[in-house]
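Summary of structural features
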Amino acid sequence: FTNAATAQATAATMAASGKPWILGSSGLSNADEAAVAEAAKRISVVYASNFSAGVNLVLALSEKMGAALPADQYDAEIMEMHHRQKVDAPSGTAIGMGRAVAAGRGVDFDSVMESGRHGHTGARKTGAIGFAALRGGQVVGEHTLIFASGTEHIALTHRAFDRRTFATGAVRAALWAIGRPAGLCSMMDVLGMR
């Protein structure tokens, strides 16, 4: 749960330690994630964009909704808000929601992600997953996934009021990882949802 810039060095250190690694840093690059996957060949790694049980349930539902609501009929938009000090946008959790929707739709996330619309952008692309990142005050974390069609809107929202929810999930993941074989896992595995 540190700055993403330390991910590759930490991956090497953790792999050498032989101890389970609970990783919750967001904003990892492809090279960082490759280093995490390499470490997972030697140790148990629980890597998640969010350790809240509630958020992980929302992620599971996001994937199911993505599968059930066709992209040519339902536009997917993700809106998130965090405290003014948060440096990455969209948040790791918002990206996790987008990845879940894309997985449900069977599409490559990077090819449908639209973030930071500004100016004359043209009409919304069919199948795009849009993001809006808001920053202000001391908001712990709010995420809303909206599926909008011509006839209805469906919104799925999670609001964190206290950072203890993340700490509780991280401890749960750490206890779960003890004695596990090497491999890359997520909170879905910890919660028995996969």
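Here, the structure is the one placed above.
Anyway, here's the lowdown on the structure attached to this text. In this text the structure is predicted, and so the values were computed from the model without any measurement. (Residues numbered from 1 in each chain as written. Predicted model: local features only at pLDDT ≥ 70, side-chain atom pairs only at ≥ 80, totals over all residues. Heavy atoms only, no water.)

Attention now moves to the sheet that holds strand E8 (residues 183–185). Read from one edge of the open sheet, three strands run E1-E2-E8, paired in parallel fashion. Taken across any chain shown, the strands that pair with only one partner, and hence form the sheet edges, are strand E1 (21–23) and E8. When the angles between neighbouring strand axes are averaged without regard to direction, this sheet yields 20°. (Pairing = 2+ DSSP bridges. Helix = DSSP H or I, 4+ residues; strand = E, 2+ residues; numbered from the N terminus. Axes fitted to C-alpha atoms, helices over the stretch in contact; angles between N-to-C directions.)

With that out of the way, let us pick up the pairing of strand E2 (residues 44–47). Successive side chains on a regular strand alternate, one facing one side of the sheet and the next facing the other. Residues Ser44 and Val46 point to one face of E2 and Val45 and Tyr47 to the other, with burial holding for every one of them. As paired strands, E1 and E2 are joined by three bridges and run parallel to one another. Each bridged residue has a counterpart across the sheet, and for Leu23 the counterpart in E2 is Tyr47. With helix H2 (residues 30–39) bridging E1 and its parallel neighbour E2, the resulting β-α-β unit is right-handed. In this structure, E2 lies alongside E8, joined through three bridges in parallel fashion. Bridge assignment links Val46 to a residue of E8, and that residue is Cys185. (Buried < 20%, exposed > 50% of the residue type's maximum accessible area, 1.4 Å probe, protein only. Right-handed = clockwise from strand over helix to strand, strands pointing away.)

Okay, unusual backbone geometry next. Glycine aside, negative phi is the norm for most residues, and most peptide bonds take the trans geometry. Residues Ala89 and Pro90 are joined by a peptide bond in cis, for which omega reads -10°. Within the secondary structure layout, Pro90 lies in the loop between strand E3 (75–82) and helix H4 (92–105).

This next bit is on H4. The end-to-end C-alpha distance of H4 is 20 Å, a good match for the 20 Å that 14 residues give at a rise of 1.5 Å each. For H4, the buried fraction is high: eleven of the 14 residues fall into the buried class. By the burial criterion, the buried members of H4 are Gly92, Thr93, Ala94, Gly96, Met97, Gly98, Ala100, Val101, Ala102, Gly104 and Arg105. Backbone geometry just after H4 places Gly106 at a positive phi near 70°. (Expected span 1.5 Å × (residues − 1).)

Here we take up the nonpolar core. Core analysis: the largest hydrophobic core is formed by 20 residues, its most contacted members being Ile78, Ile129, Leu145 and Phe147. Elements supplying a minimum of two residues to this core: helix H3 (53–68), E3, H4, helix H5 (109–112), strand E5 (129–135) and strand E6 (141–148). Dropping the residues within four chain positions of it, Ile78 is found in contact with Ala94, Met97, Gly98, Ile129, Gly130, Phe131, Ala132, Thr144 and Leu145. One finds Ala7, Ala15, Trp21 and Ile43 within the second-largest nonpolar core, a separate group that totals 15 residues. (Core = buried A, V, L, I, M, F, W, Y, C linked by side-chain atoms within 4.5 Å. Contact = heavy atoms within 4.5 Å.)

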